[in-house]
Amino acid sequence: MGGKHRGRQGPGEPRLRGGRSGQGAGCARAAPPGDAPRGARAPAAPSRGRDSGCPPGCTASSGAGPCRAEPCRGGAASWGRAEPRRAAGSAMRDYEEVSAFLGEWGRFQRLVFFLLSASIVPNGFNGMSAVFLAGTPAHRCAVPREANLSGEWLNASIPLELRGGREEPSRCRRYRLAALANFSALGLRPGSDVELGELEQEPCLDGWEYSRDVYRSTIVTEWNLVCEDDWKVPLTTSLFFVGVLIGSFISGQLSDRFGRKNVLFATMAMQTGFSFVQVFSTSWEMFSVFFLLVGMGQISNYVAAFVLGTEILGKSIRVLFCTLGVCIFYAFGYMLLPLFAYFIRDWRMLLLALTLPGLLCIPLWWVIPESPRWLISQGRFQEAEDILRKAAKINGITPPDVILDPSELQDVDSQRQQTYTILDLMKTRNILTITIMSVILWMIISVGYFGLSLDTPNLHGDVYLNCFLSAVIEVPAYIISWLLLRNLPRRYSMAAALFLGGCVLLFIQLVPSQFRAVSILLVMLGKFGITSAFSMVYVYTAELYPTVVRNMGVGASSMASRLGSILSPYFVYLGAYDRFLPYILMGSLTVLSGILTLFLPESYGMPLPDTIEQMLLVKGLEYRPASTRNSKDEEENPEIFKSTAF
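Model, not experiment: these values are computed from the prediction. Throughout this document, residue positions are counted from 1 along each chain, in the order its sequence is written. In keeping with the model being predicted, local features are shown solely for residues with a pLDDT of at least 70 and side-chain atom pairs are shown and tallied solely at 80 or more, while totals for entire chains, interfaces and linings include all residues. Hydrogens and waters are ignored; side-chain quantities use all the structure's heavy atoms.

Visitor: How would you sum up the pattern of salt bridges? Please name residues and give values.
Guide: A side chain with one charge may pair with a side chain of the opposite charge, provided their charged atoms come close. Counted as salt bridges are all cases of a side-chain nitrogen of Lys or Arg within 4 Å of a carboxyl oxygen of Asp or Glu. Taken as a whole and assessed by the stated rule, the structure comprises nine salt bridges. Of the charged contacts in the structure, one is a salt bridge between E202 and R174, with a shortest N-O distance of 2.9 Å. With E202 in strand β9 (residues 201-203) and R174 in strand β8 (residues 173-175), this residue pair connects regions lying 28 residues apart in the sequence. For the pair shown, E202 and R174 are each scored as buried. Residue D455 is joined to R579 by a salt bridge in which the shortest nitrogen-to-oxygen separation is 3.2 Å. Of this pair, D455 sits in the loop between α15 (429-454) and α16 (463-472) while R579 sits in the loop between α20 (550-573) and α21 (581-597), and the two are 124 residues apart along the sequence. For D455, a relative accessible area of 2% gives the class buried. Exposure classes here rest on a 1.4 Å probe applied to the protein chains alone. A residue is buried below 20% of its type maximum, exposed above 50%, and partly exposed in between. By relative accessible area, which is 26% here, R579 ends up partly exposed. Among the charged side chains, a salt-bridge network with shared partners connects R174, E202 and D206. Strands are runs of DSSP state E lasting at least 2 residues, helices are runs of H or I lasting at least 4, and numbering of each runs from the N terminus.

Pasting the structure below:
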């Protein structure tokens, strides 16, 4: 970013206190921004000017040696001027420069883009499969034939209760069969001879009768997860998201240690394998444990594909891959779910059908390469060079004779690093405020997104059509969010999307019951707004945090999102008590989050902050230097700190 914005340096670039960088021999090259490890600060610049006793443009050699001029090696200048990246054969080169000969959008890049995006498709129907696997059909207490009831008493054996403004048969209670058998034997008639409201009731001692109109079987009908055990249904989905939370913790560490490609295919195998074992579950407990493991594999696969794509693809394609690539292909998978479920109404066969497409990813092992960046970081230069040469061949490009020279590549492990911890997210009042606001924002958006997705069976009309519409609406939401991120301020774009999503959810309760299509339209508009905000919040949060703690900041916010997804099934569960209560809660929280967004600093068009002191300020908070050193830097580089003012 240093070569693009005036008054701001790129990550890890030293501030120059002498003359202008790039004039004469008085400039120094810092670590390339793209190769610095996250959470690490680049090595300190050699002392210059009055600090070393040398004139501007010179550096002191180690020990007590004389001053010497340091040759220019390119990089970002202190005032944002981009200089040539190489001026001598001894210049340090980064991966972006080494692989530049491949181009940005050749056949190799297109192949990686679409294959990695396609590997996300199973995540779409596995992530939302609980909508149909754990669907709860209409049900009532079973009355055994041995009860010897007449037809009239059999029809009157279930008491009526008010639900959704209408009287419907009770789902969990029946009149005591012993009393009904006596009345039936005596020839008494219900309603005329016997007042039903005064009869004693009992629970469903003989099980339940389930409607087969929508589902032939689900885990609910398999293990009777209704009435006293209905709490197990939202818990099943929550356990899946608990697996997602655990997978979020371990996926990054595993891919850093064992490689992006290895973790990608191992977790795809994990997701497919445990889904297959689920088909043969003999109890709800067994099903739920394996569902948790599927959730671990699902998010780990997603993260590995995401990281692998961002490391292989060039700068101009990464944003497209991270937004329209993985997101839209996830939505395509989500669209396939109701299509599978419509034709396969038995939960075991449906789960098997959703599992088998994972086998189609096996041939991708021989097509998708490992990340050359990761191989270089592991010192495996020959393997990385082989991949680059193969990519050049696919693109029809003749590669240089020498692509990777270890002596020219920066050894990031040898750089002096400053480590940062989660406590640095609370170091100043400004970053603490942004962290708290981000955590709340991510959690609320996640509750709204997953709550509306899981609530589609409870909407009026056909459950399969509603689920398909819920998936289709995500495609324009991702496209709109991408356009907004490119052209408009983040804060107002996010707030507008959240206000749209929240307000329409609050209006649902005002729609008369006969206008069911209007209610469905409002739910889909709410899903559109919240999905757009969900897509934008990733970019917005990353722009608010400085380079030194950006990974931890986004990670902490992502954890809050996982907690929101764990809670979302219980928002849907509240609909059993009041049909509009989930919409009132989700709508109110979403509107509040839109208001909260307006207090965040604007990052659109601003240079990315590199240090905590350079962060954009939250409205109403004043910047306080963390140390004397920071104050000194502010005096000597006023333009840098002016550019971070709110």
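Visitor: Run through the packing of helix α11 (residues 315-343) against helix α12 (residues 347-355), naming residues and quoting values.
Guide: To get an axis, a line is fitted to the C-alpha atoms, and for a helix only the part in contact is used. The angle between two axes follows their N-to-C directions and goes from 0 to 180 degrees. α12 packs onto α11 with a crossing angle of 140° between their chain directions and a minimal axis gap of 10 Å. With respect to α12, the axis of α11 lies oblique. Seen along the crossing, α11 lies across α12 with a hand that is right-handed. Contacts from L337, F340 and A341 of α11 reach α12 at L350, A353 and L354. Oblique is the label for every angle not falling under 35 degrees (roughly parallel), over 145 degrees (roughly antiparallel), or within 65 to 115 degrees (roughly perpendicular). A clockwise turn of the near helix away from the far one marks a right-handed crossing, whereas an anticlockwise turn of less than a right angle marks a left-handed crossing. What makes two residues a contact is simply this: any of their non-hydrogen atoms within 4.5 Å.

Visitor: Pulling in residues and values, what's your account of helix α9 (residues 260-278)?
Guide: What a helix should span is 1.5 Å times the count of its residues minus one. For α9, spanning 19 residues, the distance from its first C-alpha to its last is 27 Å, which sits close to the expected 27 Å at 1.5 Å a residue. All of the buried residues along α9 are R260, K261, V263, L264, F265, T267, M268, Q271, T272, S275 and Q278.

Visitor: Help me get a handle on the packing of aromatic side chains, residues and values and all.
Guide: Here a Phe, Tyr or Trp ring, Trp counted by its six-membered ring, pairs with any other such ring whose centre lies within 6.5 Å, and the pair is stacked when the planes are under 30 degrees apart, edge-to-face when over 60, and tilted otherwise. Overall, the coordinates contain 23 aromatic pairs when judged by the stated rule. Here F113 and F114 contribute two aromatic rings whose centre-to-centre distance is 5.1 Å and whose plane-to-plane angle is 70°, an arrangement assigned as edge-to-face. Given a relative accessible area of 6%, F113 falls into the buried group. With a centroid separation of 5.6 Å and an interplanar angle of 85°, the aromatic rings of Y342 and Y464 are classed as edge-to-face. With Y342 in helix α11 and Y464 in helix α16, the pair connects residues that are 122 residues apart, well separated along the chain. Under the relative-accessibility criterion, Y342 is labelled partly exposed at 41%. Cluster of aromatic residues (ring-pair linked, three or more members): W223, F240, F241, F287, F291, W347, Y449, F450 and F534.

Visitor: If you had to explain unusual backbone geometry to someone new, which residues and values would you point to?
Guide: Unlike most non-glycine residues, N224 shows phi in positive territory, near 50°. One can find N224 in the loop between α7 (219-223) and α8 (232-258). In this structure, C227 takes a positive phi of about 55° despite not being glycine. Structurally, the position occupied by C227 is in the loop between α7 and α8.

Visitor: Run through the side chain of S275, naming residues and quoting values.
Guide: Examined against the element boundaries, S275 turns out to sit in helix α9. For S275, a relative accessible area of 2% puts it in the buried group. Those residues within four positions of S275 in sequence are excluded, and the remaining contacts are N126, V294, L351 and T355.

Visitor: Residue-level account of a nonpolar patch on the surface, with values.
Guide: A contiguous nonpolar surface patch, about 690 Å² in accessible area, is contributed by L111, L356, L359, I362, W365, W366 and V367. Relative to the helices and strands, L356 is located in the loop between α12 and α13 (372-377). Note on L356: relative accessible area 44%, which makes it partly exposed. Here the term patch refers to residues with relative accessible area over 30% and no salt bridge, with like charges joined within 9 Å and nonpolar side chains (Val, Leu, Ile, Met, Phe, Trp, Tyr) within 5 Å. Here, Shrake-Rupley sampling with a 1.4 Å probe gives the accessible areas, and only protein chains in the shown set may cover a residue.

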